[in-house]
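Analysis of the macromolecular model
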Amino acid sequence: MSIFEYNGSAVVAMVGKNCFAIASDRRLGVQLQTIGTDFQRVFKIHDKLYIGLSGLATDAQTLYQRLVFRHKLYQLREERDMKPETFASLVSALLYEKRFGPYFCQPVIAGLGENDEPFICTMDCIGAKELAKDFVVSGTASESLYGACESMYKPDMGPEELFETISQALRASVDRDCLSGWGGYVLVVTPTEVRESVIKGRMD
């Protein structure tokens, strides 16, 4: 078993019209044993920027703390929040710096940039970025997430439709992966509001 599959995870981000959604499952396991059912994988950097960290749970928490530290330094120096593109480069550099003993995480970054243009990207554990205009996935359920998102996604969705689409894609996908699941956590971010939802799924 790969170290990335040790705790199990499913993270997905999707783009809408001047909005984006990011979602994750809530299961924390040690291989096939479930340890927690309310584990957080999506973290806030600032009001319009979020990061989802799949992979080894301990590394995800450590990496998040380091990213918050680096973002606070940036805020003090620049007196503004980081753009999503800049933050993606920061995460990439931070991961590549540790390439010989990497953080076992695959980040998904989602944010609203200039003119409220949504930005999403993912990367591997050594910071190789993959940009997308529609959706990005990561975690143990990534294969089934790709299939569900490919079939359900359509461009320029509004916040309500985006929420429905990402929720259905996540639920359908984690049911096909025994290492992730136990409901989901969905964030829909628009220029004016952030909507947080906990969705119920199969509890087994």
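Residues numbered from 1 in each chain as written. Predicted model: local features only at pLDDT ≥ 70, side-chain atom pairs only at ≥ 80, totals over all residues. Heavy atoms only, no water.

Looking at an unreviewed UniProt entry, the protein carries the name Proteasome subunit beta, with the source organism given as Eleusine coracana subsp. coracana.

1. A closer look at the packing of aromatic side chains
Here a ring pair, both rings aromatic, is described through the centre-centre distance and the interplanar angle of the planes. For the structure shown, the criterion picks out 4 aromatic pairs. Relative to F104, the ring of F4 has its centre 5.7 Å away and its plane inclined at 85 degrees; by these criteria the two rings are edge-to-face. One end of the pair, F4, is in the segment before β1 (10–15); the other, F104, is in the loop between α2 (84–97) and β7 (105–112), and 100 residues separate them in sequence. Joined through ring pairs, the aromatic side chains of F135, Y146 and Y153 make up one cluster. Over the ring of Y96 we find R99; its NZ or CZ atom is 4.3 Å from the centre of that ring. Above the plane of the ring of F163 lies R195, whose end atom (NZ or CZ) is 4.1 Å from the centre. (Phe/Tyr/Trp six-rings, centres within 6.5 Å; stacked < 30°, edge-to-face > 60°. Helix = DSSP H or I, 4+ residues; strand = E, 2+ residues; numbered from the N terminus. Lys NZ or Arg CZ within 6 Å of the ring centre and 35° of its normal.)

2. As for the sheet that holds strand β2 (residues 20–25)
Taken in spatial order, the 5 strands line up as β10-β1-β2-β11-β12 in an open sheet, and their pairing is antiparallel. Two strands close off the open sheet at either side, each with one partner strand: β10 (135–139) and β12 (194–199). On average, adjacent strands in this sheet sit at an angle of 10 degrees to one another, irrespective of strand direction. Bridge count between β1 and β2: 5 bridges; the pairing is antiparallel. (Pairing = 2+ DSSP bridges. Axes fitted to C-alpha atoms, helices over the stretch in contact; angles between N-to-C directions.)

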